[in-house]
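# Per-entry structural report
Chain residues, written in single-letter form:
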Amino acid sequence: IYFTTVHDLPSRKVKDIFTAFLKTHKVHLHRGFQIVVILADNEFGPLAAQMLDMPNAPRLNLAAANEHVPEIERRIRVVKERIRAIRHGLPFNRIPLLMLTWIVYGAVRMLNHFPSKGGISTTYSPRVLMTGTALDYYKHLCLQTGEYCQVHEEDLPRNSNQARSLGAIVLGTSGNIQGGFYFMSLITAAKIHRRSWDALPMPDSVIRRVNKLG
């Protein structure tokens, strides 16, 4: 299928890795795909005990010392190349960890949007096969990670003198059917979810602000 997934782990503890694995496993089961074998290196050995309680648990196949899992390592290399291309296309010297995380998400999302060479279909993308939703430019690609926008605020009361927009940096699509996007607020550096915005050229003051947050 060549469906690539990535998770932002709070730590490398077994429970956190196993929780991320369960999410990926459930996605495959939901679409009717049964994971039979997991190829991994020795770091994932402790997962074997965790998977004993799973119904129809897949078999964990661990690589020996100095042995490699070429299918996985090649995919990681592709993802890293895409991340570097996105990161160095941005005008910032430093970026917050939140932006870096979403650059990774964006690189993986784009790989899943298009049919993979050597995959099971030359017509349907991994995303369509695993989610059933097709690519829509206006919902998924109208903004790119790192763009500057003024997002529309809808605070109550609506007749106050509060600002009606907020400066923010695009993180990525939220994936909802309405076409919302996640942004990083330039004031709080927090992730926010908005449904309307105005994309604007990047001023020097915004570049300096992101560098400072980074």
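You'll find the structure just up there.
First things first, this report covers the structure right here in the doc. This one's a predicted model, so the numbers in the text were calculated from it and none came from an experiment.

## Considerations on the overall build of the protein
- Counting secondary structure elements, the protein contains seven helices and seven strands.
- Along the protein, helices (α) and strands (β) appear in the sequence α-β-α-β-α-α-α-α-β-β-β-β-β-α when read from the amino end.
- Across its three principal directions, the C-alpha atoms of the protein cover 60 × 35 × 35 Å.
- Burial statistics for the protein: of 214 residues in total, 36% are counted as buried.
- For the protein, the proportion of contacts with a sequence separation of at least 24, taken over those separated by at least 6, is 51%.
- In the structure as shown, the protein presents an accessible area of about 13400 Å², 55% of it carried by carbon and sulfur atoms.
- Charge-centre separation for the protein: the mean point of 27 positive side chains lies 2 Å from the mean point of 16 negative side chains.

## Focus on the packing of helix H3 (residues 70-87) against helix H4 (residues 97-113)
- Here H3 crosses H4 at 120 degrees, and the two axes come no closer than 9 Å. If you check the angle between H3 and H4, you find them oblique. As H3 runs across H4, the sense of the crossing is right-handed. For the pair H3 and H4, contact is made by Arg 75, Val 78, Val 79, Arg 82, Ile 83, Ile 86 and Arg 87 and by Ile 103, Val 104, Ala 107, Val 108 and Leu 111, respectively.
- Partitioning the contact of H3 with H4 into residue classes produces nine nonpolar, no polar and three charged.

## Focus: the environment of Lys 117
- Along the polypeptide, Lys 117 turns up in the loop between H4 and helix H5 (126-131).
- Taking the C-alpha atoms as reference points, Lys 117 and Ile 177, separated by 60 residues in sequence, lie 28 Å from one another.

## Some details on the layout of surface pockets
- The space that makes up the second largest pocket amounts to roughly 790 Å³.
- What lines the second largest pocket is a set of 28 residues, among which Phe 3, Thr 5, Val 6, His 7 and Tyr 105 lie closest to the centre.
- Elements with a contribution of two residues or more to the lining of the second largest pocket: helix H1 (14-30), H4 and H5.
- Broken down by element, the lining of the second largest pocket gets its largest block of residues, seven residues, from H1.
- For the lining of the second largest pocket, the per-class residue count stands at 10 nonpolar, 12 polar and six charged.

## Comments concerning the pattern of salt bridges
- Within this structure, the stated rule accounts for three salt bridges.
- A salt bridge links Arg 12 to Glu 43; the shortest N-O distance between them is 2.7 Å. Here Arg 12, found in the segment before H1, pairs with Glu 43, found in the loop between strand E1 (37-40) and helix H2 (47-50); they are 31 residues apart in sequence, far enough to count as distant.
- Since its relative accessible area comes to 63%, Arg 12 is described here as exposed.
- When its relative accessible area of 39% is taken as the criterion, Glu 43 is described as partly exposed.
- Salt-bridge contacts for Arg 194 lead to Glu 153; the nearest nitrogen and oxygen are separated by 2.6 Å. Separated by 41 residues along the polypeptide, Arg 194 in strand E6 (residues 191-194) and Glu 153 in the loop between strand E3 (148-152) and strand E4 (165-173) bring together distant segments of the chain.

## Brief notes about the side chain of Ser 125
- Inspection of the secondary structure assignment puts Ser 125 in the loop between H4 and H5.
- There is a polar contact of 3.5 Å between the side chain of Ser 125 and the backbone oxygen of Asn 112.
- Once residues lying within four places of it in the same chain are set aside, the contact partners of Ser 125 are Asn 112, His 113, Phe 114 and Pro 115.

## Some points on the packing of aromatic side chains
- Enumeration over the complete set of coordinates arrives at six aromatic pairs.
- A ring pair is formed by Tyr 137 and Tyr 138, whose centres lie 5.3 Å apart and whose planes are at 85 degrees; its orientation type is edge-to-face.
- Here Phe 181 and Trp 197 contribute two aromatic rings whose centre-to-centre distance is 5.3 Å and whose plane-to-plane angle is 70 degrees, an arrangement assigned as edge-to-face. Note that Phe 181 is positioned in strand E5 (residues 181-185) and Trp 197 in strand E7 (residues 197-200), a separation of 16 residues in sequence.
- Given the relative accessible area of 1%, Phe 181 is considered buried.
- The structure contains a cluster of three or more aromatic residues connected by ring pairs, namely Trp 102, Tyr 105 and Tyr 182.

Rules used throughout
- Residues numbered from 1 in each chain as written.
- Predicted model: local features only at pLDDT ≥ 70, side-chain atom pairs only at ≥ 80, totals over all residues.
- Heavy atoms only, no water.
- Helix = DSSP H or I, 4+ residues; strand = E, 2+ residues; numbered from the N terminus.
- Buried < 20%, exposed > 50% of the residue type's maximum accessible area, 1.4 Å probe, protein only.
- Contact = heavy atoms within 4.5 Å.
- Areas by Shrake-Rupley, 256 points an atom, 1.4 Å probe, with all protein chains shown as cover.
- Lys, Arg positive; Asp, Glu negative; His and termini not counted.
- Charge placed at Lys NZ, Arg CZ, Asp CG, Glu CD.
- Axes fitted to C-alpha atoms, helices over the stretch in contact; angles between N-to-C directions.
- Parallel < 35°, antiparallel > 145°, perpendicular 65-115°, else oblique.
- Left-handed = near helix turned anticlockwise from the far one by under 90°.
- Nonpolar A, V, L, I, M, F, W, Y, C, P; charged D, E, K, R; others polar.
- 1 Å grid on protein atoms, 1.4 Å probe; cavity = no way out; pocket = protein on both sides within 12 Å on 5 of 7 lines; lining within 4 Å.
- Points joined across faces, edges and corners; volume = space filled by probe spheres on them.
- Salt bridge = Lys/Arg side-chain N within 4 Å of Asp/Glu carboxyl O.
- Polar contact = N/O pair within 3.5 Å; in protein donor to acceptor, adjacent residues only side chain to side chain.
- Phe/Tyr/Trp six-rings, centres within 6.5 Å; stacked < 30°, edge-to-face > 60°.

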